[in-house]
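# Commentary on secondary and tertiary structure
What follows is each chain in one-letter form.
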Amino acid sequence: MSAQQELRLLLSAGRGPQECAWAVTELVRALEQEAALLGVTVRHLDEVPGAVRGTHLSVLLQLSGPEVLGFARSWSGTLCWQAPSPYRPGVGRKNWYVVAELHGADADRTVFSVGDVDLVPCRTGGPGGQHRDKASTAVRATYRPTGAVVVVDTERRLSDNKRLALTLLRQQVENSDAEVERAAGAARWRTHDQLVRGNPTRTERP
């Protein structure tokens with residue numbers, strides 16, 4: 001029995017006319033019908049609506065199932081929805097192109113836990129008075145899951161430096177998660193400019 005897999009597939013109208021946003025919606029519907037026959041589960045993660053109600057500039061899908069990779073690949077590349085325009089009856093064009101690209105799942109947000117932090121007192125350096133020269137008031141904090149390290153010696157009391165070190169580590173973890181999310185979003189956005197019209201990998205009709 002094949003293991004369950006999860007993949008993400010982004011369908012985009014790119015910078016095409018309104019018919020391409022219509023084509024995205026129709027192709028997603030066709031994809032879902034085929035997925036149901038093959039036992040692939042489809043979930044909508046994100047949608048950008050088109051100018052006309054019921055159409056989409058882009059749709060991000062999560063596909064899951066034991067044979068999902070082959071299914072997703074069969075729906076990747078330049079897709080063509082072949083049908084007369086519902087908006088401009090006099091237009092002879094019948095081929096409306098959409099780009100579909102596989103994307104990795106977004107990284108799970110890191111759950112910061114104080115239990116994952118190693119706090120080690122260390123002797124502070126520099127000026128600060130007799131007390132700071134003799135006592136280990138500074139602290140080195142290491143967040144084991146990421147290896148991030150901060151050293152804090154700005155406060156006179158060890159307990160205050162510990163609290164500040166934990167705050168700084170938490171901020172580092174949150175900033176790292178935000179950067180990963182921005183990178184994933186940028187990768188998806190670049191897909192909108194990758195549409196190549198003609199020579200589709202797959203053509204669907206009503």
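Before going into details, it helps to say that this report is about the structure given with it.

## Structural notes on the pairing of strand β3 (residues 56-65)
- The element β3 is extensively covered by neighbouring structure, given that nine of its 10 residues are classed as buried.
- Here eight bridges tie strand β1 (residues 5-12) to β3, and the two strands are oriented antiparallel to one another. If you follow S12 over to β3, its bridge partner there is S58.
- Both strand β2 (residues 41-49) and β3 contribute to a ladder of eight bridges, which runs antiparallel. Counted as the bridge partner of T41 is S64 from β3.
- The hairpin turn running from β2 into β3, its antiparallel successor, is six residues long, and G54 in that turn takes a positive phi close to 90°.

## Concerning the nonpolar core
- Judged by nonpolar contacts, the single largest core of 26 residues is most densely connected at L11, L63 and W75.
- Element by element, the count of residues in this core is highest for helix α1 (residues 18-38), at nine residues.
- Non-local contacts of W75, meaning those with residues more than four positions away in its chain, are made with L9, L27, A30, L31, E34, A100, R202 and E204.
- Membership of the second largest hydrophobic core comes to 12 residues, among which are F112, V150, V152 and L166.

## Section: the sheet that holds strand β5 (residues 95-103)
- Taken in spatial order, the six strands of this open sheet run β2-β3-β1-β5-β4-β9, and their pairing is mixed. Pairing within the sheet leaves two strands with one partner each, and these edge strands are β2 and β9 (202-204). Within this sheet the neighbouring strands show an average axis-to-axis angle of 25°, counted without direction.
- Packing of α1 onto the sheet brings it into contact with β1, β2, β3, β4 (77-82), β5 and β9, and relative to β3 it is tilted by some 15°.

## What about α1?
- Here α1 is 21 residues long and its end C-alpha atoms lie 31 Å apart, about the 30 Å a rise of 1.5 Å per residue gives.
- One or two steps after α1, the chain reaches G39, where phi turns positive at roughly 75°.

## Details of the pattern of salt bridges
- Scanning the entire structure with this criterion turns up seven salt bridges.
- Here D116 makes a salt bridge to R144, at a shortest N to O gap of 3.8 Å. Separated by 28 residues along the polypeptide, D116 in the loop between β5 and β6 (117-122) and R144 in the loop between β7 (138-143) and β8 (148-152) bring together distant segments of the chain.
- Of the residues examined, D116 reaches a relative accessible area of 25% and is grouped as partly exposed.

## Re the side chain of S64
- Along the chain, S64 turns up in strand β3.
- S64 sits in the buried class, given a relative accessible area of 9%.
- Dropping the residues within four chain positions of it, S64 is found in contact with Q4, Q5, E6, G39, V40 and T41.

## A word on the state of the cysteines
- Going through the model one piece at a time under the given rule, you end up with zero disulfides.
- The cysteine C20 is free of any disulfide, with C80 supplying the nearest cysteine sulfur at 9.3 Å.

## Quick notes on the packing of aromatic side chains
- Counted under the stated rule, the structure contains two aromatic pairs.
- Ring geometry for W22 versus W81: centroids 6.2 Å apart, planes at 85°, classification edge-to-face. Separated by 59 residues along the polypeptide, W22 in helix α1 and W81 in strand β4 bring together distant segments of the chain.
- The class for W22 is buried, based on a relative accessible area of 13%.
- Take W81: its relative accessible area is 4%, and that puts it in the buried class.
- Ring centres 4.9 Å apart and planes at 20° place the aromatic pair F112 and Y143 in the stacked group. Residue F112 is found in the loop between β5 and β6, and its partner Y143 is found in strand β7; the two are separated by 31 residues along the sequence. For the pair F112 and Y143, one class covers both residues: buried.
- In this structure, R202 is placed above the aromatic ring of W75, and the distance from its NZ or CZ to the ring centre is 3.7 Å.

About the thresholds
- Residues numbered from 1 in each chain as written.
- Predicted model: local features only at pLDDT ≥ 70, side-chain atom pairs only at ≥ 80, totals over all residues.
- Heavy atoms only, no water.
- Buried < 20%, exposed > 50% of the residue type's maximum accessible area, 1.4 Å probe, protein only.
- Helix = DSSP H or I, 4+ residues; strand = E, 2+ residues; numbered from the N terminus.
- Pairing = 2+ DSSP bridges.
- Core = buried A, V, L, I, M, F, W, Y, C linked by side-chain atoms within 4.5 Å.
- Contact = heavy atoms within 4.5 Å.
- Axes fitted to C-alpha atoms, helices over the stretch in contact; angles between N-to-C directions.
- Expected span 1.5 Å × (residues − 1).
- Salt bridge = Lys/Arg side-chain N within 4 Å of Asp/Glu carboxyl O.
- Disulfide = S-S within 2.5 Å.
- Phe/Tyr/Trp six-rings, centres within 6.5 Å; stacked < 30°, edge-to-face > 60°.
- Lys NZ or Arg CZ within 6 Å of the ring centre and 35° of its normal.

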